[in-house]
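Chains, contacts and geometry: an overview
Chain by chain, the residues run as shown.
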Amino acid sequence: MKVAQKPFRTIWPSPRCKFVQIINQTQLPFAFEVLKIHTLEQMVNAIKTMQVRGAPLIGVAAAYGIALAMLEDESDAYLITAAEMLKNSRPTAVNLAWAVDRMVTSLQAAPINRRNMTAWREAANIAEEDVVQNQLIGQHGLGLIKQHYQNQIDPNKPFNILTHCNAGWLATVDYGTALSPIYAAHDAGLNVHVWVDETRPRNQGAALTAWELRQHGVPHTVITDNAGGHLMQQGLVDMVIVGADRVTANGDVCNKIGTYLKALAAFDNHTPFYAAVPSPTIDWTMTDYKQIEIEERDSDEVQFIQGLAADGSMQNVRLFPVESNAANPAFDVTPARLVKGIVTEKGVFSPSDLVKLREG
Ligand code: MRU
């Protein structure tokens, strides 16, 4: 990704592997701030407060969290403590537990006095794999967009893609998942336009997706979360593509709250609905989506909204009476029957065929 024309990733280690740097996503789109993370505790906090967020990115951040822990103490006991702290930081995205388990397996096989070095190497491997997987998702998704684009009746009309939340550069190390095909299509000269759901309560669509699409020059329009169904009825959405935090073995897609309603509207309007995920987002152990732990976040995220005040400061504004209750489930599940395809680094699979990805 490029920020003001300068190449960036969302996370990277210091040259001598003493700390990790991240883009602080809680400040976007109004301030671009890079934070230095020196300790395990700081990394746990960065994940919990969503300074880093997005399923693939929190997996990589957790892997670097283990590397930071190994700078502090290379013992078995501390490795297990660090793994538990990281796994408890956010429950829904399977990438986090997957990355932590991979780090623990790799470090348990290494001599204790070499764990620090091994941990930084393995975390870097996980980060690199994420970049490659997302780049490939972009290419497979581009093929899909081209197919739908060619079927379009009016070739002069933009190809309209609706997305929810942020599944772009900022949710991964680079390229993004759902946005990777969109960047590839734009770079290939296709006339794509993106409807960006604002994605209450934290507004990852309005704050992050719109910001990064603008950095890349992709035409887009931010809409309220409830506008998608209406736009589909008007024939103004050609495709929906979202990311995911966990996909079950049978193709149910757990993603940001509100995704399910978009999928229902898409189904009713014969609008193809796709999810784009790298394989670490697939939980092969789960076939019943009811087993997925849905993160319940602080109700303050519903009660307040963050924005830029006239004096240029970031401010939180209360939206409704303090006496009213608020609930804040962060994710929902779109059943496989509503999903036309799952775009992965190995190709596009129908949900019922997803198991073939594992086999080969
Ligand atoms: O709570 P977040 O911002 O970490 O949630 C991220 C999402 O749900 C995104 O929609 C995304 O698809 C998953 S990450 C590519």
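Look above for the structure.
Report on the accompanying structure. (Residues numbered from 1 in each chain as written. Predicted model: local features only at pLDDT ≥ 70, side-chain atom pairs only at ≥ 80, totals over all residues. Heavy atoms only, no water.)

Attention now moves to helix 3 (residues 76–87). The first and last C-alpha atoms of helix 3 sit 17 Å apart over 12 residues, in line with the 16 Å expected at 1.5 Å per residue. Burial in helix 3 covers these residues: Tyr78, Leu79, Ala82, Ala83 and Leu86. Projected down its long axis, helix 3 carries its buried residues within an arc of 140 degrees, all on one side. Among the structural elements, helix 1 (40–48), helix 2 (55–72), helix 4 (94–108) and helix 5 (115–150) are those in contact with the buried residues of helix 3. (Helix = DSSP H or I, 4+ residues; strand = E, 2+ residues; numbered from the N terminus. Expected span 1.5 Å × (residues − 1). Buried < 20%, exposed > 50% of the residue type's maximum accessible area, 1.4 Å probe, protein only. Arc of directions from axis to C-beta. Contact = heavy atoms within 4.5 Å.)

This brings us to the sheet that holds strand 5 (residues 34–37). Judged by pairing direction, the sheet is antiparallel, and its three strands sit side by side in the order 3-4-5 without closing on themselves. Of all the strands in the sheet, the pair left with one neighbour each is strand 3 (11–13) and strand 5. Shown here is a sheet whose adjacent strand axes are inclined to one another by a mean of 25 degrees, direction ignored. Sitting on the sheet, helix 1 touches strand 3, strand 4 (20–23) and strand 5, and the angle it makes with strand 5 is about 140 degrees. (Pairing = 2+ DSSP bridges. Axes fitted to C-alpha atoms, helices over the stretch in contact; angles between N-to-C directions.)

Around the ligand, the structure places 18 residues, and the nearest of them are Arg53, Arg90, Asp245, Asn255 and Lys256. Residue Gln204 places a side-chain N or O atom 2.9 Å away from an oxygen atom belonging to the ligand. The side chain of Asn255 places a nitrogen or oxygen atom 2.8 Å from an oxygen atom of the ligand. Considered on its own, the ligand offers 410 Å² of accessible surface; in the complex 99% of this is hidden by protein. (Near = heavy atom within 4 Å. Polar contact = N/O pair within 3.5 Å; in protein donor to acceptor, adjacent residues only side chain to side chain. Areas by Shrake-Rupley, 256 points an atom, 1.4 Å probe, with all protein chains shown as cover.)

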